[in-house]
Amino acid sequence: MNANRNKVELLGHLGSDPEIKTTESGRRVARLSVATNETYLNTKGEKVIDTQWHTVIAWGKHAEFSENLKKGAEVLVEGKLQYGQYTDKEGIKRYTTEIQVQTIGVPEKSFPIP
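Residues numbered from 1 in each chain as written. Predicted model: local features only at pLDDT ≥ 70, side-chain atom pairs only at ≥ 80, totals over all residues. Heavy atoms only, no water.

## Remarks on the side chain of E98
Put simply, the test is: Helix and strand assignments follow DSSP, with helices taken as H or I runs no shorter than four residues and strands as E runs no shorter than two, numbered in order from the N terminus. Throughout this description, buried means an accessible area under 20% of the type-specific maximum (1.4 Å probe, protein chains only), exposed means over 50%, and partly exposed covers the range between. The definition of a polar contact used here is a pair of N or O atoms within 3.5 Å, where within protein one atom must be able to donate a hydrogen and the other to accept one, and adjacent residues in sequence count solely through side-chain atom pairs. Any two residues whose heavy atoms approach within 4.5 Å are treated as being in contact.
Positionally, E98 belongs in strand 6 (residues 93-105). Of the residues examined, E98 reaches a relative accessible area of 17% and is grouped as buried. At a separation of 3.5 Å, a polar atom in the side chain of E98 contacts the side chain of R31. Non-local contacts of E98, meaning those with residues more than four positions away in its chain, are made with R31, T55, I57, K80, L81 and Q82.

Have a look at this one:
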């Protein structure tokens, strides 16, 4: 049995080009904004599209793979949820939810980066 109980799978589109940086230690990191859509009929029978935005963080080879992605690209992400908190400039405590990439790929390619 797999011990990893914190698992997320997303199939969505990039809302912007990935933001890719290099840390002081030389490690690459990419921040991606991924939109997923759910379509359903409301109680009036009207079609509703609900879009959710997800912050995805990719490190190392996953960040390097992300360099080839552009806004609008469909992306398949598998990872884990990571929660964080920080205090902003005004002293207000803020909370974050991110998906840390474990595999990433594009659906038309059959080789996600493990």
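Structure shown, so let's carry the discussion forward.
## Quick look at the pairing of strand 4 (residues 47-59)
Filter applied, for reference: Any two strands with at least two DSSP-identified bridges between them are counted as paired.
With 13 bridges connecting them, strand 3 (residues 28-41) and strand 4 associate as antiparallel partners. In the strand pairing of strand 4, A30 is matched with A58. If you look at the hairpin formed by strand 3 and strand 4, you'll find five residues sitting between the two strands, and G45 has a positive phi there, around 80°. Bridge count for strand 4 against strand 6 is two bridges, and the pairing is parallel.

## What about the side chain of H62?
Take H62: it is sitting in helix 1 (residues 61-66). At 3.2 Å, the side chain of H62 forms a polar contact with the backbone oxygen of Q102.

## Considerations on the pattern of salt bridges
Selection rule: Note on definitions: salt bridges are taken to be side-chain nitrogens of Lys or Arg within 4 Å of carboxyl oxygens of Asp or Glu.
Going through the model one piece at a time under the given rule, you end up with five salt bridges. The salt bridge partner of E67 is R28, with a shortest N-O separation of 2.1 Å. Taken together, the residues E67 in the loop between helix 1 and strand 5 (74-87) and R28 in strand 3 connect sequence positions 39 residues apart. According to the relative accessible area criterion, E67 is partly exposed, its value standing at 37%. Here R94 ties to D88 by a salt bridge, and the two come within 3.0 Å at their closest N and O atoms. One salt-bridge network, in which partners are shared between bridges, spans K7, E9 and E78.

## Structural notes on the pairing of strand 2 (residues 19-22)
Note: strand 2 against strand 3, four bridges, orientation antiparallel. In the sheet register, E19 faces strand 3, and the bridge partner there is R31. If you look at the hairpin formed by strand 2 and strand 3, you'll find five residues sitting between the two strands, and G26 has a positive phi there, around 95°.

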